[in-house]
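What follows is each chain in one-letter form.
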Amino acid sequence: MHISIADDIKKRFHAACAIHGLKMSQVITELVEQWLETNETALVSQDSSKRN
């Protein structure tokens, strides 16, 4: 996956990950999983309501 973000945000993110001893990909994966947990549930609910 390739994403585009502002250089200043990338630098801050890289630094914060380094401070915590994490790789940026680890944190991104965790954040995407959290987002999916919230939004997949909403999609399932939305899809179910369309069927009724």
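Preceding this section is the structure that the text describes.
Residues numbered from 1 in each chain as written. Predicted model: local features only at pLDDT ≥ 70, side-chain atom pairs only at ≥ 80, totals over all residues. Heavy atoms only, no water.

> Kindly report on the overall build of the chain, identifying the contributing residues and their values.
Summing up its helical and strand segments, the chain has 2 helices and 0 strands in all. Taking all 52 residues of the chain together, the buried fraction comes to 4%. Counting every atom, the chain has about 4,900 Å² of accessible surface; 57% of that belongs to carbon and sulfur. (Helix = DSSP H or I, 4+ residues; strand = E, 2+ residues; numbered from the N terminus. Buried < 20%, exposed > 50% of the residue type's maximum accessible area, 1.4 Å probe, protein only. Areas by Shrake-Rupley, 256 points an atom, 1.4 Å probe, with all protein chains shown as cover.)

> Kindly report on the environment of C17, identifying the contributing residues and their values.
For C17, the location among the structural elements is in helix α1 (residues 7-19). The spacing of C17 and V27 is 10 residues in sequence and 7.6 Å in space, taken between C-alpha atoms.

> Explain the environment of H14 to me, using residue names and the numbers behind them.
Structurally, H14 is set in helix α1. For H14, a relative accessible area of 46% translates into the label partly exposed. Remark: the alpha-carbon pair of H14 and M24, spanning 10 residues in sequence, is separated by 6.4 Å.

> Mind laying out α1, listing which residues take part and the relevant values?
The end-to-end C-alpha distance of α1 is 18 Å, a good match for the 18 Å that 13 residues give at a rise of 1.5 Å each. Positive backbone phi, approximately 70 degrees, marks G21, located one or two places after α1. (Expected span 1.5 Å × (residues − 1).)

> Tell me what's going on with a negative patch on the surface, and back it up with residues and numbers.
The grouping of E30, E33, E37 and E40 at the surface amounts to a negative patch. In this structure, E37 sits in helix α2 (residues 24-51). On the accessibility criterion, E37 (57% relative accessible area) is exposed. (Patch = residues over 30% accessible without salt bridge, like charges linked within 9 Å, V, L, I, M, F, W, Y side chains within 5 Å. Salt bridge = Lys/Arg side-chain N within 4 Å of Asp/Glu carboxyl O. Lys, Arg positive; Asp, Glu negative; His and termini not counted. Charge placed at Lys NZ, Arg CZ, Asp CG, Glu CD.)

> Tell me about a nonpolar patch on the surface, and name the residues and values.
Taken together, I28, L31, V32, W35 and L36 make up a surface patch of nonpolar side chains, about 430 Å² in accessible area. Looking at the secondary structure, you find L31 in helix α2.

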